[in-house]
Amino acid sequence: MIEANEAFFLINKNITRFEEEIKVIDSQNRICSLNIYSLIDYPYFDNSAVDGYMLNLNYVTFDLNLKMYFMDLSSNIIFSGDKLLNDNFFILNFAYEICTGAFVSKSFNCVIAKENIYINENKIFFSYFPKFGENIRLKGEGFKKGDLIISVYESINSLKIAFLLSSGIEKIFVFSFPKVLLLSTGDELVSCSDKISENKIYNSNIFMINNELKKNFIFGVNCFFSNDNYKNITNILSNYLFYNLVIVLGGMSFGKHDFTRDAFNKLGVREVFFLGNWKPGKPLYFGVSKGVYFFGLPGNPNSCYITFKVFVEYFINNFVGNIFIHFFLKGHFSFQYFKKNNCLLFLHGILINKIFIINENQNSNLISNLSNSNAIIFLNDCFYENSVSNLITYIFV
């Protein structure tokens, strides 16, 4: 059996990422696969940072009686988006009203904000002598053409989308999300619309995992169902080359009707590991074939969910280039638990204010307690006292 740390190492070692070019406006939560450089200077031209008045400080006059500075005021107003005017248009000893973002002529060296002046008889008056360059955003002040603005493996959010568009960039290369085939197996499974009998259970795992994939921004998953039939399972999986990731739920143990691993072998999947020294979810499979990745998860609901959250989500984050995320968290928590064996335990419960309340029933086929949990902790040692000194690895769910 493989240890969890080795399983994570092997998952990461076997990943080959793919990239695609997409529109910047569609890049929320995507990870850059290449460095991105600005196509322009930003700002693209000198412009006003405020609504105010454009001045040449060399022509400011001081009124000794009023003890105020003043300038004559032009009737022309410079609006944002106006065509750039030639410097010959301006009279240097006049002030010009200007809107935020509007072009500032090289012949002027200051913009004074509206709230700092008053107007009387076509003159503006102000009580202080403005600073050179006040309220002027200079061309290239933010960044210059050719500057690195977003690095490879950096995640895109709404602010960075605005940043990229401001840089004149319309499309970028990002790591691809996987195309997923999701298969649920089991003779005992029935749809919620069907009448249940004593030897049947409702099929919930596939919908649980599909919604977890959506939380990871993976949509359009192709979902399939099969009874415990080797031929049916193999036929469904035979189209795996249309996908990047195949996830099979159930059929992973050693019973006579557990055919998932046999189907993987039939299709030529290279087994990377099978069976782990952890609970729940010991019969976990990971394999690779022709650039497609295969996970076989246990059919018990808790085992299925926990192995997905711990191992498959780890794979997904690495596949999409999200290498800087702190996927596994560490913290000091208070709780008491006695562990009877030497394997790693994944325990679900509720984490509140440095206290982890372990759910009393950790049975792998009961989803009720797990559904009320907000975290899963990883336990290695045999006994943990009721003390905040316990340094524990955990994930939120």
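Residues numbered from 1 in each chain as written. Predicted model: local features only at pLDDT ≥ 70, side-chain atom pairs only at ≥ 80, totals over all residues. Heavy atoms only, no water.

A. Representation of the pairing of strand E4 (residues 52–55) in the model. Pairing geometry for E4 and strand E7 (residues 94–98), over 3 bridges, is antiparallel. Within E7, the residue paired with Met54 across the bridge is Tyr96. Looking at chain direction, E4 and strand E8 (residues 110–113) are connected through 4 bridges and run antiparallel. Counted as the bridge partner of Gly52 is Ala113 from E8. (Pairing = 2+ DSSP bridges. Helix = DSSP H or I, 4+ residues; strand = E, 2+ residues; numbered from the N terminus.)

B. Highlighting the nonpolar core. Leu213, Ile247, Phe273, Trp278, Phe295, Phe311 and Phe315 are the most contacted members of the largest nonpolar core, which has 47 residues in total. A per-element tally of this core places helix H6 (residues 301–319) first, with 11 residues. What Phe315 contacts, discounting residues up to four positions off in sequence, is Ile11, Ile15, Leu245, Phe286, Tyr293 and Phe295. Judged by nonpolar contacts, the second largest core, of 20 residues, contains Leu181, Ile233, Leu237 and Tyr285. (Core = buried A, V, L, I, M, F, W, Y, C linked by side-chain atoms within 4.5 Å. Buried < 20%, exposed > 50% of the residue type's maximum accessible area, 1.4 Å probe, protein only. Contact = heavy atoms within 4.5 Å.)

C. A look at helix H3 (residues 205–215). Of the positions making up H3, those classed as buried are Asn205, Ile206, Met208, Ile209, Asn210, Glu212 and Leu213. Looking at the packing, one finds that the buried side of H3 touches strand E14 (180–185), strand E17 (222–226), strand E18 (245–249) and H6.

D. Highlighting the packing of helix H1 (residues 4–13) against H6. Where H1 meets H6, the axes come as close as 10 Å, and the angle between the chain directions of the two elements is 30 degrees. In terms of orientation, H1 lies roughly parallel with respect to H6. Handedness of the H1/H6 crossing: right-handed. Contact residues: H1 offers Ala4, Ala7, Phe8, Ile11 and Asn12, while H6 offers Val310, Phe311, Tyr314, Phe315 and Asn318. Taken together, the residues of the contact of H1 with H6 break down into 8 nonpolar, 2 polar and no charged. (Axes fitted to C-alpha atoms, helices over the stretch in contact; angles between N-to-C directions. Parallel < 35°, antiparallel > 145°, perpendicular 65-115°, else oblique. Left-handed = near helix turned anticlockwise from the far one by under 90°. Nonpolar A, V, L, I, M, F, W, Y, C, P; charged D, E, K, R; others polar.)

E. Structural detail: the sheet that holds E14. Read across the sheet, 6 strands follow the order E17-E14-E18-E22-E21-E19 without closing on themselves; strand pairing throughout is mixed. Every other strand in the sheet has two partners, leaving E17 and strand E19 (270–274) as the edge strands with one partner each. Going from strand to strand, the sheet's axes swing by 15 degrees on average, the running direction of each strand aside. The pairing of E14 with E18 spans 5 bridges and is classified as parallel. The partner of Val180 across the bridge, within E18, is Leu245. Across the sheet, H3 touches E14, E17 and E18, and the angle it forms with E14 is around 160 degrees. Where helix H4 (residues 230–237) meets the sheet, its contacts fall on E14, E17 and E18, and the angle it forms with E14 comes to roughly 170 degrees.

F. Examining the packing of aromatic side chains more closely. Applying the stated criterion across every chain yields a total of 36 aromatic pairs. Aromatic side chains Tyr69 and Phe126 sit 6.2 Å apart centroid to centroid with 15 degrees between the ring planes, which places their arrangement in the stacked category. A residue pair is termed long-range when its members are at least 10 positions apart, and Tyr69 in strand E6 (residues 68–78) and Phe126 in strand E10 (residues 123–126) qualify at 57 residues. Between the aromatic rings of Phe328 and Phe378, the centroid separation amounts to 5.7 Å while the plane-to-plane angle is 70 degrees, which identifies the pairing as edge-to-face. Here Phe378 lies in strand E27 (residues 375–379) and Phe328 lies in the loop between H6 and strand E23 (329–333), a separation of 50 residues in the sequence. The exposure class assigned to Phe328 is partly exposed, which follows from its relative accessible area of 26%. (Phe/Tyr/Trp six-rings, centres within 6.5 Å; stacked < 30°, edge-to-face > 60°.)

G. Local environment of a nonpolar patch on the surface. On the surface, Ile352, Ile355 and Ile357 cluster together to form a nonpolar patch covering roughly 260 Å² of accessible area. Examined against the element boundaries, Ile355 turns out to sit in strand E26 (residues 355–358). The exposure class assigned to Ile355 is partly exposed, which follows from its relative accessible area of 43%. (Patch = residues over 30% accessible without salt bridge, like charges linked within 9 Å, V, L, I, M, F, W, Y side chains within 5 Å. Areas by Shrake-Rupley, 256 points an atom, 1.4 Å probe, with all protein chains shown as cover. Salt bridge = Lys/Arg side-chain N within 4 Å of Asp/Glu carboxyl O.)

H. Summary view of the environment of Ile98. As for its position among the elements, Ile98 is in strand E7. Through-space distance from the C-alpha of Ile98 to that of Asn322 is 45 Å; in sequence the pair is 224 residues apart. With residues up to four places along the chain from it excluded, the contact list for Ile98 reads Ser48, Val50, Asp51, Gly52, Tyr53, Met54, Ile78, Phe103, Val104 and Val111.

I. The side chain of Thr393, seen in detail. Among the secondary structure elements, Thr393 is positioned in strand E29 (residues 390–396). Reaching out from Thr393, the side chain makes a polar contact with the side chain of Lys330 at a distance of 2.7 Å. Excluding its chain neighbours within four sequence positions, the residues that come into contact with Thr393 are Phe328, Leu329, Lys330, Ile376, Ile377 and Phe378. (Polar contact = N/O pair within 3.5 Å; in protein donor to acceptor, adjacent residues only side chain to side chain.)

J. Examining the packing of H3 against H6 more closely. Packing of H3 against H6 brings their axes to within 11 Å, and their N-to-C directions diverge by 25 degrees. Relative to H6, the element H3 lies roughly parallel. Considering how the two elements wind past one another, H3 and H6 form a crossing that is right-handed. Contacts between H3 and H6 involve Asn205, Met208, Ile209, Glu212, Leu213 and Lys215 on the former and, on the latter, Pro301, Cys304, Tyr305, Phe308, Lys309, Glu313 and Ile316. Per-class residue counts for the contact of H3 with H6 are 8 nonpolar, 1 polar and 4 charged.

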